[in-house]
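A structural walkthrough
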Amino acid sequence: MQIIYYSYWSTYAAYLAAALHTGSYRGKSPSKGQIDRQWNLCKRYSQQFGNLLYIGLDDRHREVYALGCKRQGDMAKFALEGFVRIFTETEAVHLVKAGPLEGPIPFLIEGFYRFSKRKRILRLAFHFWMKRTYKKCKELVFNTRQDLDGE
Amino acid sequence: MGNEFMKLVYYCYGGAHTSVTCAAIHLKYLPYERVPSAKEFQSVPFYDKMENSRLGTPVYVGRDELGLDIYIMGMKNSNTFLIPLIKSYLNHCGKRHDDLIFVNARVRLHPITSIGGFITRKLGIVTIGRPMTVWGIRRTYPVLLDLVKGVKEKLRSARD
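Residues numbered from 1 in each chain as written. Chains lettered and ligands numbered in written order. Predicted model: local features only at pLDDT ≥ 70, side-chain atom pairs only at ≥ 80, totals over all residues. Heavy atoms only, no water.

Turning next to the overall build of chain A. Secondary structure summary: chain A contains five helices and four strands in total. For chain A, the α and β elements follow one another from N to C terminus as β-α-α-β-β-α-β-α-α. Its C-alpha atoms give chain A a radius of gyration of 15 Å, near enough to 15 Å, the size a compact globule of 151 residues would have. Taking the principal axes of the C-alpha coordinates as reference, chain A spans close to 50 × 30 × 20 Å. Here chain A, with 151 residues, has 53% of them falling under the buried criterion. Summarising the internal contacts of chain A: among those between residues at least 6 apart in sequence, 76% fall at separations of at least 24. Of the roughly 8,000 Å² of accessible surface on chain A, a fraction of 51% belongs to carbon and sulfur atoms. (Helix = DSSP H or I, 4+ residues; strand = E, 2+ residues; numbered from the N terminus. Rg over C-alpha atoms; globule rule 2.2 N^0.38 Å. Buried < 20%, exposed > 50% of the residue type's maximum accessible area, 1.4 Å probe, protein only. Contact = heavy atoms within 4.5 Å. Areas by Shrake-Rupley, 256 points an atom, 1.4 Å probe, with all protein chains shown as cover.)

Following this line, the structure appears as structure tokens:
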């Protein structure tokens, strides 16, 4: 089985949830190093819409991905599910919406990043966002795991 | 190219008119030598049927004489990320994405078709909207015919 967390940007809430799912992030809150590493990832890959980011395997050997699909999450879901049916008979894909957890901060960061000379403020905004969203993503992952394990 | 698992997807904005017409031409449900009548259009499977809430779903239409499975799909303007998504997914699954061909059927439509599509799909007034879409598509038919002929030619030459 493959689990795909999707949101507008692949490197914000979707990545955070996927990393929590695989166990790359543990603990009650993210460390400074983890936040900085994800910030670097956002700077490089946030504009990769449609490219699946492979995050890793979870404890039950399910592949976990992050996906950025702008506001077309439902369409991406239908398309993927459709092609999974066409091409694979045994594979199953489970798409999890992480978009609602993202909030407006990633949009502000992405919008201002190219023009802003004070990148430090944006980095601080990212720190604030990640600390705030971490708990919510943890809940999402917990519920997703319960749903999947109950199946 | 040309194995039994090849699939060809005609995609357009709503997956209801141009992609369906192209698929119908490809599968010879609609004629090559003349513009079909309105009645012929309305008997084409899936014509003006795709629901907005199901956009993105690939719909199987049939198998052509070359052995390709023909699908239709509505993608709005998201083809720039949906096609890479599908191909990257197949890549991750270890499937050959060369076996999947996407054909853009978003040709320049007669405005009446777009208005008719809006009336049918958004407002739900099929009795007015559908005949308008047919009227518009009949005027664009030669363009769609050329598109399909081009696709078939390329497929044949790739096979040879």
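Let us look at the packing of helix α3 (residues 73–87) of chain A against helix α3 (residues 79–92) of chain B. α3 of chain B packs onto α3 of chain A with a crossing angle of 40° between their chain directions and a minimal axis gap of 10 Å. As α3 of chain A runs across α3 of chain B, the sense of the crossing is right-handed. Residues Met 75, Ala 76, Ala 79, Leu 80, Phe 83, Val 84 and Phe 87 of chain A of α3 of chain A lie in contact with α3 of chain B, whose contacting residues are Phe 81, Leu 82, Leu 85, Ile 86, Tyr 89 and Leu 90 of chain B. (Axes fitted to C-alpha atoms, helices over the stretch in contact; angles between N-to-C directions. Left-handed = near helix turned anticlockwise from the far one by under 90°.)

Limitation: the analysis is restricted to geometry and does not speak to function.
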